[in-house]
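Results of the structural survey
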Amino acid sequence: MRVGFYQYKPVFGKVSKNLKKVVSVLSNIEADLIVLPELAFTGYYFRDRKEVLQHAEDPTKSSSIDSLIALCREKKFYLVSGFTEKRKDKCFNSSVLIGPEGLIHLYRKLHLFNTEKNCFDEGDTPLQVNTVMDCKIGMMICFDWVFAEVSRNLALQGADIICHPSNLVLSYCQQTMLTRSLENRVFSITANRTGLEKRPHGELKFTGKSQIVAPNGDLLYRAASQRENIYIMDIDPSNARDKSITAQNDVLEDRRPEYYSI
Ligand code: ACM
């Protein structure tokens, strides 16, 4: 399976410009699954909820999602992308799995980071794994990495690949994701953004270093911190189905949840 990510710098508030750029880059690649960053088309550093609602879209009526579905049909690939979602008067930091058949699944970020709490509603969708091309895809968004329960839950549901749209500003995640992959014996694809986002209320610098990690914790590829990068490689998702870490240890079967059901 040919999987990868696109690391870039969205321009804040310029949804159609960002979308056009992504579509143009993805039109020139051959792949099966590509992961894009968190809030991939709006930018990240919103002032407040009102500003989110000005830029967010309802994915069931979104021209952005429609054009990404059209691209998936044309290129016969799947996309996981961060998405600034509006539903009635609520707004969510979401992620979509889309393919030639349309919108397959939408996940709403469970663990909001810092000032996101002033801008978004808390996610209310359970964690879920979806099968595409015989591969089980789980999604989590950026700061969800801190909560080991998220990747563990996706692994328990059978995820082969954890797709991880991100807008990382702290420096710890990329290294920690080696452990998230290793402890669950899953592939992970973290698609981060680059650049400085300057807003009237402050500025944030994103850390790049998007990466693909193997089920044994090996770093298969890591992008540079501040360079735009589209990267695609071949992986065998079935490698994530062997959960043994020694001849006598299986990371899922050896759990003792009766002693730590928290
Ligand atoms: C983050 O969750 N965007 C840090």
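Right above here is the structure, for reference.
Remember, it's a predicted structure, so these values are computed and weren't measured experimentally.

Structurally, Phe92 can be placed in strand E4 (residues 90-99). Look past the residues within four positions of Phe92 in its chain and what remains in contact with it is Phe83, Thr84, Glu85, Arg87, Arg108, Phe120, Asp121, Glu122, Gly123 and Asp124.

A separate point is the sheet that holds strand E13 (residues 219-222). The six strands are arranged E6-E7-E8-E9-E12-E13 in an open sheet whose pairing can be described as mixed. At either end of the open sheet lies a strand with only one pairing partner, and these are strand E6 (129-132) and E13. Across the sheet, the mean angle separating the axes of adjacent strands is 20° when strand polarity is ignored. Relative to E13, strand E12 (residues 211-213) runs antiparallel, the two being bridged by three bridges. Each bridged residue has a counterpart across the sheet, and for Val213 the counterpart in E13 is Leu219. Each of strand E8 (161-165), strand E9 (187-191), E12 and E13 is contacted by helix H5 (residues 173-184), which is oriented at about 20° to E12, the strand it contacts most.

Of the residues making up helix H4 (residues 148-156), those classed as buried are Val150, Ser151, Leu154 and Ala155. Down the axis of H4, the smallest arc covering the buried residues is 130°, so these residues share one side. Along its buried surface, H4 packs onto E6, strand E7 (135-139), E8 and H5. Two residues or fewer past H4, Gly158 is found with a positive phi of approximately 100°.

Attention now goes to the packing of H4 against H5. The geometry of H4 relative to H5 is characterised by a closest axis approach of 10 Å and an angle of 35° between their N-to-C directions. For the element pair H4 and H5, the recorded crossing hand is right-handed. In this structure, H4 uses Ala148, Ser151, Arg152 and Ala155 to contact H5, whose residues at the interface are Arg180, Glu183 and Asn184. Class assignment of the residues belonging to the contact of H4 with H5 gives a composition of two nonpolar, two polar and three charged.

The rules behind these values
Residues numbered from 1 in each chain as written. Predicted model: local features only at pLDDT ≥ 70, side-chain atom pairs only at ≥ 80, totals over all residues. Heavy atoms only, no water. Helix = DSSP H or I, 4+ residues; strand = E, 2+ residues; numbered from the N terminus. Contact = heavy atoms within 4.5 Å. Pairing = 2+ DSSP bridges. Axes fitted to C-alpha atoms, helices over the stretch in contact; angles between N-to-C directions. Buried < 20%, exposed > 50% of the residue type's maximum accessible area, 1.4 Å probe, protein only. Arc of directions from axis to C-beta. Left-handed = near helix turned anticlockwise from the far one by under 90°. Nonpolar A, V, L, I, M, F, W, Y, C, P; charged D, E, K, R; others polar.

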